[in-house]
Amino acid sequence: MVHWSAEEKQLIASVWSKVNVEECGAEALARLLIVYPWTQRFFASFGNLSSPTAILGNPKVRAHGKKVLTSFGEAVKNLDNIKVTYAKLSELHCEKLHVDPENFRLLGDILIIVLASHFARDFTPACQFAWQKLVGVVAHALARKYH
Amino acid sequence: MVLSANDKSNVKGVFSKISSHAEEYGAETLERMFTTYPQTKTYFPHFDLHHGSAQIKAHGKKVATALIEAANHIDDIAGALSKLSDLHAQKLRVDPVNFKLLGQCFLVVMAIHHPSALTPEVHASLDKFLCAVGNVLTSKYR
């Protein structure tokens, strides 16, 4: 089980309480698709992903980004139980969605950058540490049921 | 992975904004890297790694200067960083995985200080550029 210090929990909760899940989620997913264009392979049904402008304006990208980050909120609410929280989602990503777990790490890194751009100096090194740890734990949990 | 004309222009644009902050951003990048990825400290047992350390400032300036140099010679990064590439291969031997970690922290610093400059397109170009720099610095490893 992952150990979270009281400070880490506080830093995570404090940032999360100020996150606009819809905006951040949309931006994180859009940036993933723009910065690492090969990730578009999972979203052939999303319509126009032909340019950064198209991606940023794509309503399916926005909606899916919100869905993904909302799910991320489950990890924030269940820091001591992330493995169990994501067990079913892990199976889904393996068996139905066939997503290489490396993509979870890529999205995690992008999320950190989005948070940094929104929180600026409030996103202290200690904050970055806690959040980088969290995205790593989430990525690991999502990969855990792969077979 | 090749830097397009747009990538080069995006990277040069960003670096023209930050060249006067080289020491500050370099130091902050390193500090974040040491804090976020403690394993990176293993390469600096001889450093004082406390916040504000003179050694981190000096080394941050070196790292940022090298990135600026690469951006200024973006058509020939391998040529511009050839000596640094030798140094990393023969002496420093920093495991290749760490360049990505440094790159991530550099992007975070950019996001914090220049969020409006770090559009998704510029973010993509910078990420590619940092990958290219990492590749050059590890190109002579074996």
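Here is what the cut-offs are and how they apply
Note that residues are indexed from 1 along each chain, following the sequence as it is written. Lettering for chains starts from A, numbering for ligands starts from 1, and both go in the order in which the items are written. Reporting of local features is limited, given that this is a predicted model, to residues whose pLDDT is at least 70; pairs of side-chain atoms are given and counted only at 80 or more, and all residues count toward the totals for whole chains, interfaces and linings. Side-chain calculation: all heavy atoms of the structure are included, whereas hydrogens and water are not. Working definition: helices are DSSP H or I runs of at least four residues, strands are E runs of at least two. Numbering for both runs from the N terminus. Burial classes: relative accessible area under 20% of the type maximum marks a residue as buried, over 50% as exposed, and values in between as partly exposed (1.4 Å probe, protein chains only). Polar contacts, as used here, are pairs of N or O atoms within 3.5 Å; protein pairs need one atom able to donate a hydrogen and one able to accept it. Residues neighboring in sequence count only if both atoms are side-chain atoms. By definition, residues are in contact when any of their heavy atoms lie within 4.5 Å. Defined by distance alone, a disulfide is two cysteine sulfur atoms within 2.5 Å. Each Phe, Tyr or Trp ring, with Trp reduced to its six-membered ring, pairs with another whose centre is within 6.5 Å; inter-plane angles below 30 degrees give stacked pairs, above 60 give edge-to-face pairs, and intermediate values give tilted ones. Cation placement over rings: the criterion is NZ of Lys or CZ of Arg within 6 Å of the ring centroid and within 35° of the ring normal. Lines fitted to the C-alpha atoms define the axes, with helices restricted to the stretch that makes contact. Angles between their N-to-C directions range from 0 to 180 degrees. What sets the label is the angle itself: under 35 degrees gives roughly parallel, over 145 gives roughly antiparallel, 65 to 115 gives roughly perpendicular, and the rest give oblique. Put simply, Ala, Val, Leu, Ile, Met, Phe, Trp, Tyr, Cys and Pro go in the nonpolar bin, Asp, Glu, Lys and Arg in the charged bin, and everything else, Gly too, in the polar bin. Here, the term nonpolar core denotes a set of buried Ala, Val, Leu, Ile, Met, Phe, Trp, Tyr and Cys residues that are joined through side-chain atoms within 4.5 Å. UniProt positions are given in the numbering used here, feature names are shortened, and annotations may be inferred rather than shown by experiment. Within the patch definition used here, like charges are joined within 9 Å and nonpolar side chains (Val, Leu, Ile, Met, Phe, Trp, Tyr) within 5 Å, considering only residues with over 30% relative accessible area and no salt bridge. Per-residue accessibility takes into account occlusion by the displayed protein chains alone, with areas from the Shrake-Rupley method and a 1.4 Å probe. By definition, a salt bridge exists where a carboxyl oxygen of Asp or Glu is found within 4 Å of a side-chain nitrogen of Lys or Arg. Under the counting rule used here, the positive set is Lys and Arg, the negative set is Asp and Glu, and His together with the chain ends is not counted. A charged residue contributes its charge at one atom only: NZ of Lys, CZ of Arg, CG of Asp or CD of Glu.

For this particular structure, what's the right way to read unusual backbone geometry?
Across residues other than glycine, the phi torsion is negative in most instances, and most of the peptide bonds are trans. A positive phi angle is found at A:H98, which is not glycine, with a value near 55 degrees. Looking at where A:H98 falls in the secondary structure, it is placed in the loop between α6 (87–96) and α7 (102–119). Located in the positive-phi region is B:R93, a residue other than glycine, with phi close to 45 degrees. Relative to the helices and strands, B:R93 is located in the loop between α5 (82–92) and α6 (97–113). Note on B:R93: relative accessible area 57%, which makes it exposed.

What is the right way to read the side chain of B:S85 from this model?
Residues and elements named next belong to chain B. Secondary-structure assignment places S85 in helix α5. Reaching out from S85, the side chain makes a polar contact with the side chain of S139 at a distance of 3.4 Å. The contacts of S85, once residues within four sequence positions are left out, are V136, L137, S139 and K140.

Sorry, what's going on with the state of the cysteines here?
Using the criterion set out here, one finds zero disulfides over all chains in the structure. Free of any disulfide, A:C24 has its nearest cysteine sulfur in A:C127, 13 Å distant. Unpaired in terms of disulfides, B:C105 finds its nearest cysteine sulfur in A:C127, a separation of 14 Å. Of the residues examined, B:C105 reaches a relative accessible area of 0% and is grouped as buried.

Can you walk me through the packing of aromatic side chains in this structure?
Where two aromatic rings form a pair, the distance of their centres and the angle of their planes describe that pair. Residues and elements named next belong to chain A. Scanning the entire structure with this criterion turns up 10 aromatic pairs over all chains. Look at W16 and F72: their rings are 6.4 Å apart centre to centre, the planes differ by 40 degrees, and that puts the pair in the tilted class. Here F72 lies in helix α4 (residues 59–77) and W16 lies in helix α1 (residues 6–17), a separation of 56 residues in the sequence. With relative accessibility at 18%, the residue W16 sits in the buried group. Members of the aromatic cluster, connected to one another through ring pairs, are W16, F72 and W131. When the ring centre of W4 is taken as origin, the NZ or CZ atom of K133, which lies over that ring, is 4.8 Å away.

Help me understand the packing of helix α2 (residues 22–36) of chain B against helix α3 (residues 54–72) of chain B, please; the structure alone is not making it clear to me.
Helices that pack against each other are described as a pair by the angle of their axes relative to one another and the distance between those axes. All names here are of chain B. With their axes 7 Å apart at the nearest point, α2 and α3 run at an angle of 110 degrees to one another. The pairing of α2 with α3 is recorded here as roughly perpendicular in orientation. The residues of α3 that touch α2, namely those facing A22, E23, G26, A27, L30 and F34, are I56, K57, H59, G60, K61, A64 and I68. Split into classes, the residues belonging to the contact of α2 with α3 amount to seven nonpolar, three polar and three charged.

What is the right way to look at the nonpolar core in this model?
Nonpolar side chains tend toward joint burial in soluble globular proteins. Counting 83 residues, the largest nonpolar core has A:F72, A:W131, A:L134, B:F15, B:I77 and B:F129 as its most contacted members. For A:W131, the residues in contact, after removing those within four places along its chain, are A:L11, A:I12, A:V15, A:W16, A:F72, A:V76, A:L111, A:I112, A:L115 and A:F123. Within the second largest apolar cluster, 11 residues are counted, among which are B:M33, B:F47, B:I56 and B:L101.

Is there a simple way to think about the UniProt feature "domain: Globin" (unreviewed entry) in chain A in this case?
As annotated in UniProt, the feature "domain: Globin" (unreviewed entry) corresponds to residues 3–147 of chain A in the numbering used here. Across residues 3–147 of chain A, helical content stands at 71% and strand content at 0%; the span's end C-alpha atoms are separated by 26 Å.

Quick question: what am I supposed to make of the environment of B:N6 here?
Residues and elements named next belong to chain B. Among the secondary structure elements, N6 is positioned in helix α1 (residues 5–18). With relative accessibility at 58%, the residue N6 sits in the exposed group. For the pair N6 and S125, spaced 119 residues apart in sequence, the C-alpha separation works out to 7.9 Å.

Explain a positive patch on the surface to me, please; I cannot follow it from the model alone.
A cluster of like positive charges, contributed by A:K83, A:K88, A:R144 and A:K145, occupies part of the molecular surface. Counting through the fold element by element, A:R144 comes out in the segment after α8 (125–143).

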